Amino acid sequence: MTQPVRKIDQRRHVSNKAMQGILEAAAQYPLPIDVVLAAVGLNAKALNDIDGRISHRQACDIWQELVSRSGDPYLGLSLIQFSKPETYDVLGYISNSCENLGEALVKASQYFKIIHSGEDLTLEINEQTDQVTHRLAEHLAPKPAAFNQWIIASIVLFLQKATGVEWKPLLVGFEHPKPKNLEPYHRFFCCPIEFDRPTNEVIFNIDLLKLPLLNADNKLCELLEQHAKERLAKLPQSENFLDNVRQIIYKNLTVGNFSLNEISIQMGYTPRTLQRKFKEAGLSYQTLLDEIRQELSYCYLREGQISTSEIGFLLGFSEASAFHRAFRRWTGKTPGEYRRKTSV
């Protein structure tokens with residue numbers, strides 16, 4: 001029987017409003033949304049609270065289930081045609097009311113955590129180019145490729161519509177591995193595409209920052225910003241202690257330096273003090289380690305390019321059989337059964 005596992009990193013959430021926009025687009029594909037949500041342990045009622053949020057893991061599970069049921073590995077690009085301004089929550093309305101594209105990107109970076117509290121959107125300006133970077137917190141498991149596709153395509157399409165100009169990026173980069181067929185990427189972005197990048201990114205000509213937006217409205221922008229600031233203030237703050245432990249575990253899994261004693265040394269605590277901090281946080285070290293291994297195992301198995309024995313090594317298990325036993329304990333399935341179920 002599958003044992004209940006504490007949800008990983010509950011303070012890293014995705015806006016219900018943003019997730020609703022994705023599901024509304026998926027319904028037009030069409031995909032059976034109620035069935036998709038049921039498959040990941042949710043229902044439409046759970047997303048009805050427009051100020052509510054779901055976990056990063058739940059959002060990734062939804063995307064994986066959408067891809068699995070559609071059979072479309074490029075679903076993030078396929079769905080973008082159905083996106084609407086409200087898909088991006090208050091962030092979309094603020095960006096749309098700015099004076100120009102440059103201001104819109106600055107505002108988007110300031111309030112992006114309303115969409116996903118575990119991610120950052122940054123604007124880096126060089127002499128001739130600008131780069132919009134979308135970065136996931138280090139201690140969160142990677143997103144499915146379709147999730148990355150949707151985010152980067154959303155940035156490009158939203159700003160094209162906001163300016164009324166079909167500008168093209170100079171380059172687009174993705175965190176996920178290179179797929180077999182690049183044609184859907186080139187058809188949408190019309191520029192060079194790179195994969196296995198440290199972050200998702202869009203690079204474009206610096207002159208585009210001056211493009212005026214069609215619906216610029218300074219007064220409306222100020223009102224919306226006040227609302228956005230209130231929303232940001234209400235977001236749960238990061239669990240600093242657990243975040244730090246997660247980052248150390250992620251970095252040390254493959255080299256084997258992730259015992260409780262090793263973690264205490266790297267954090268500058270005695271083992272006893274570290275155990276006390278875990279108790280104060282409401283979980284044990286082993287529970288946290290299991291969460292991280294479980295989350296990463298899902299991602300590795302979905303990629304389909306890594307053998308289960310290699311996955312066991314990447315997760316710090318001494319042998320493949322130990323990984324198989326742990327995975328069955330977490331899910332009630334073998335790694336092979338899970339991979340076949342989630343493969344496209």
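You'll find the structure just up there.
Criteria and thresholds
- Residues numbered from 1 in each chain as written.
- Predicted model: local features only at pLDDT ≥ 70, side-chain atom pairs only at ≥ 80, totals over all residues.
- Heavy atoms only, no water.
- Helix = DSSP H or I, 4+ residues; strand = E, 2+ residues; numbered from the N terminus.
- Polar contact = N/O pair within 3.5 Å; in protein donor to acceptor, adjacent residues only side chain to side chain.
- Contact = heavy atoms within 4.5 Å.
- Buried < 20%, exposed > 50% of the residue type's maximum accessible area, 1.4 Å probe, protein only.
- Pairing = 2+ DSSP bridges.
- Axes fitted to C-alpha atoms, helices over the stretch in contact; angles between N-to-C directions.
- Parallel < 35°, antiparallel > 145°, perpendicular 65-115°, else oblique.
- Left-handed = near helix turned anticlockwise from the far one by under 90°.
- Nonpolar A, V, L, I, M, F, W, Y, C, P; charged D, E, K, R; others polar.
- Core = buried A, V, L, I, M, F, W, Y, C linked by side-chain atoms within 4.5 Å.
- Salt bridge = Lys/Arg side-chain N within 4 Å of Asp/Glu carboxyl O.
- Expected span 1.5 Å × (residues − 1).

Undergrad: A description of the side chain of R339 should follow, citing residues and the corresponding values.
TA: Along the chain, the position of R339 falls in helix α16 (residues 335–342). Within the local environment of R339, its side chain forms a polar contact with the backbone oxygen of L301, the two atoms lying 3.1 Å apart. In this structure the side chain of R339 is engaged in a polar contact, spanning 2.6 Å, whose partner is the backbone oxygen of I306. The residues contacting R339, other than those within four sequence positions of it, are Y300, L301, G304, Q305, I306, S307 and I311.

Undergrad: Residue-level account of unusual backbone geometry, with values.
TA: Here the residue pair Y29 and P30 is connected by a cis peptide bond, since its omega of 5 degrees sits within 30 degrees of zero. Among the structural elements, P30 can be located in the loop between α1 (16–27) and α2 (33–39). Even without being a glycine, D89 presents a positive backbone phi close to 60 degrees. Within the element layout of this structure, D89 appears in helix α5 (residues 89–96). At C190, a residue that is not glycine, the phi angle is positive and equals roughly 55 degrees. On the secondary structure map, C190 appears in the loop between α8 (183–189) and β6 (193–194). With relative accessibility at 44%, the residue C190 sits in the partly exposed group.

Undergrad: Outline the sheet that holds strand β4 (residues 129–136), listing residues and values.
TA: The pairing of strands in a sheet happens through backbone hydrogen bonds and is either parallel or antiparallel. Spatially, the five strands line up as an open sheet ordered β3-β4-β7-β5-β6, and their pairing is mixed. In this open sheet, the two edge strands, each paired with only one partner strand, are β3 (119–125) and β6. Across two bridges, strand β5 (residues 171–173) lies against β6 in parallel orientation. Across the sheet, residue G173 finds its bridge partner in β6, namely E194. Against the sheet, helix α6 (residues 101–111) makes contact with β3, β4 and β7 (200–205), and its axis sits at roughly 145 degrees relative to β3, the strand it touches most.

Undergrad: Now, about the pairing of β7: what can you tell me, with residues and values included?
TA: In terms of burial, β7 is largely enclosed, as five of its six residues are buried. Relative to β7, β5 is paired through three bridges, and the arrangement is antiparallel. Each bridged residue has a counterpart across the sheet, and for L171 the counterpart in β7 is I203.

Undergrad: With reference to specific residues and values, describe the packing of α5 against helix α9 (residues 218–234).
TA: At their nearest, the axes of α5 and α9 sit 9 Å apart, and the two run at 155 degrees to each other. On the basis of their axis angle, the class for α5 and α9 is roughly antiparallel. As α5 packs across α9, the resulting crossing turns out to be left-handed. Counting all contacts with α5, which are made through D89, V90, Y93 and I94, the residues of α9 involved are C221, L224, E225, H227, A228 and R231. By residue class, the composition of the contact of α5 with α9 is six nonpolar, one polar and three charged.

Undergrad: Any chance you could break down the nonpolar core for me, citing the residues and the numbers?
TA: Formed by 71 residues in total, the largest nonpolar core has its most connected members in I62, W63, L66, L101, F189 and F204. When residues of this core are assigned to their parent elements, the largest contribution, twelve residues, is made by helix α7 (residues 145–163). Among all residues touching F189, those that are not within four sequence positions of it are L77, I152, A153, V156, K168, P169, V172 and F174.

Undergrad: Tell me about the pattern of salt bridges, residues and numbers included.
TA: Taken as a whole and judged by the stated rule, the model has 13 salt bridges. Between K107 and E225 there is a salt bridge, with its nearest N and O atoms 2.9 Å apart. Here the residue K107 occupies a position in helix α6, and E225 occupies one in helix α9, the gap between them amounting to 118 residues. The same class applies to K107 and to E225, which are both buried. Three or more residues are tied together by salt bridges with common partners; here these are R57, D61 and E295.

Undergrad: Before we move on, could you go through the side chain of S264 and cite the residues and values that matter?
TA: Within the element layout of this structure, S264 appears in helix α11 (residues 260–267). In contact with S264, not counting residues within four places along its chain, are Y269, T270, P271 and L274.

Undergrad: Report on α7, specifying residues and quantitative values.
TA: Three- or four-residue spacings in an α-helix give side chains the same orientation, since the helix completes a turn every 3.6 residues. In a regular helix each residue adds 1.5 Å, so 19 residues correspond to 27 Å; α7 covers 27 Å between its end C-alpha atoms and thus fits that length. For α7, the tally of buried residues reaches 17 of 19 residues, placing the bulk of the element in the interior.

Undergrad: Please give an account of the environment of A26 that cites residues and values.
TA: The residue A26 is located in helix α1 in this model. Taking the C-alpha atoms as reference points, A26 and L136, separated by 110 residues in sequence, lie 23 Å from one another. In contact with A26, not counting residues within four places along its chain, are L31, I33, L66 and L79.

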